[in-house]
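Here's the letter readout for the chains.
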Amino acid sequence: QVRLLESGGGSVQAGGSLRLSCTASGRDFSTYNMAWFRQAPGKEREFVAFVRWSDGMTMYVDSVKGRFTISRDNARLYLQMNALKPEDTAVYYCAVGGPPPYAGVRLDYVYWGQGTQVTVAS
């Protein structure tokens, strides 16, 4: 059974840092792209960061560039979040098995975690 388990969420003050982790189990994910998404209250889920399995190429939504870093280690995915802002408050989801977020590409990912809450106070 495939399972994605996120951890590392919590509450921080603006300017603080958090490191999210996602552990994937149930199959070999070494040839799967991995990504982080987030969903804020009352908003649609949005892409945050992506890492390609073949060469480690990364992509980020503009609002987190220079502040967030995605990385992976075999079946573990990480998101280092620095200089957090109140607008980063959301539930963060780990996703596996989808395409890079190029313009016009539908971001259909095969597997999703349950999410971890990140709250940034001003």
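Residues numbered from 1 in each chain as written. Predicted model: local features only at pLDDT ≥ 70, side-chain atom pairs only at ≥ 80, totals over all residues. Heavy atoms only, no water.

The subject of this paragraph is the sheet that holds strand 1 (residues 3–7). Taking strand neighbours across the sheet as the criterion, the 4 strands line up as 1-3-8-7 in an open arrangement whose pairing is antiparallel. Bordering the open sheet on either side are strand 1 and strand 7 (68–73), each of which pairs with just one other strand. Sheet twist, expressed as the average angle between the axes of neighbouring strands with direction ignored, equals 15°. Sheet topology note: the strand 1/strand 3 (residues 18–25) ladder contains 5 bridges and is antiparallel. Counted as the bridge partner of Ser-7 is Ser-21 from strand 3. (Pairing = 2+ DSSP bridges. Helix = DSSP H or I, 4+ residues; strand = E, 2+ residues; numbered from the N terminus. Axes fitted to C-alpha atoms, helices over the stretch in contact; angles between N-to-C directions.)

Bringing the state of the cysteines into the picture now. Counted by the stated rule, this structure contains 1 disulfide. The disulfide that involves Cys-22 links it to Cys-94, with 2.1 Å between the sulfurs. Given an S-S torsion of about -70°, the disulfide between Cys-22 and Cys-94 has left-handed geometry. Of this pair, Cys-22 sits in strand 3 while Cys-94 sits in strand 9 (residues 90–96), and the two are 72 residues apart along the sequence. (Disulfide = S-S within 2.5 Å.)

Per the stated rule, a full pass over the model turns up 7 aromatic pairs. Centroid distance Phe-37 to Phe-47: 6.0 Å. Interplanar angle 80°. Geometry classified as edge-to-face. Of the two residues, Phe-37 is situated in strand 4 (residues 34–39) and Phe-47 in strand 5 (residues 46–51); the sequence distance between them amounts to 10 residues. Phe-47 shares its class with Phe-37; the two are buried. When the ring of Phe-37 is compared with that of Trp-112, the centres are 4.9 Å apart and the planes differ by 55°; the resulting orientation is tilted. Taken together, the residues span a long stretch of sequence, with Phe-37 in strand 4 and Trp-112 in strand 10 (residues 111–112) at a distance of 75 residues. (Phe/Tyr/Trp six-rings, centres within 6.5 Å; stacked < 30°, edge-to-face > 60°. Buried < 20%, exposed > 50% of the residue type's maximum accessible area, 1.4 Å probe, protein only.)

Take it as geometry only, folks, not as evidence of what the structure does.
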